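# Coordinate analysis (summary)
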Amino acid sequence: MAQHLNPNGRAFLAYGCVTAVRELKHSLTARGLRFTVLDDRKLDKLPEIFLPGMLIEVHVPAAILN
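In this text, all values refer to a predicted model and were calculated from it rather than measured experimentally. (Residues numbered from 1 in each chain as written. Predicted model: local features only at pLDDT ≥ 70, side-chain atom pairs only at ≥ 80, totals over all residues. Heavy atoms only, no water.)

## Considerations on the overall build of the protein chain
Stated formally: Where helices and strands are cited, they refer to DSSP runs of H or I of at least four residues and of E of at least two residues respectively, numbered from the N terminus. Think of it in three bands: residues with accessible area under 20% of the maximum for their type are buried, residues over 50% are exposed, and the middle band is partly exposed, with areas taken using a 1.4 Å probe on protein chains only. Working rule for contacts: check all heavy atoms of both residues, and any pair within 4.5 Å makes them a contact. Note on areas: these come from Shrake-Rupley sampling with a 1.4 Å probe, and a residue is covered only by the protein chains present in the view. Neither His nor the chain ends contribute to the count of charged residues, in which Lys and Arg are positive and Asp and Glu negative. In this description, the location of a charge corresponds to atom NZ of lysine, CZ of arginine, CG of aspartate or CD of glutamate.
Within the protein chain one finds two helices and three strands. Reading the protein chain from its N terminus to its C terminus gives the helix and strand order β-α-β-β-α. Expressed as a percentage of the 66 residues in the protein chain, the buried residues total 29%. Sequence-distant contacts, at least 24 apart, represent 65% of the contacts inside the protein chain between residues at least 6 apart. Here the protein chain displays about 4,500 Å² of accessible surface, and carbon together with sulfur accounts for 54% of that area. Across the protein chain, the mean location of the 8 positive side-chain charges is 5 Å away from that of the 6 negative side-chain charges.

What follows is the structure, encoded as structure tokens:
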């Protein structure tokens, strides 16, 4: 994702799978990207597959691109 965004760029994703949200968070934070869930629901309270999907903001800090 960092390859496709400008410094301090943001992407918005929607996922409706608990495992996918957890894996995405782990993968992105391991790469130094910021991951913010823009949803009031808690993953622990949702079924494995759920709708509507959970909105997630990914932020690419400028330092990652330099």
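## Comments concerning the environment of proline 52
Inspection of the secondary structure assignment puts proline 52 in strand E3 (residues 49-59). For proline 52 and valine 21, which are 31 residues apart along the polypeptide, the C-alpha to C-alpha distance reads 13 Å.

## Regarding a nonpolar patch on the surface
To keep things clear, this is the line we draw: Put simply, a patch holds well-exposed residues, over 30% relative accessible area, that have no salt bridge, with like charges counted together within 9 Å and Val, Leu, Ile, Met, Phe, Trp or Tyr side chains within 5 Å. Salt bridge, as applied in this entry: a Lys or Arg side-chain nitrogen positioned within 4 Å of an Asp or Glu carboxyl oxygen.
A surface patch of nonpolar side chains, about 270 Å² in accessible area, is lined by Phe12, Leu38 and Leu55. With respect to the element layout, phenylalanine 12 can be found in strand E1 (residues 10-17).

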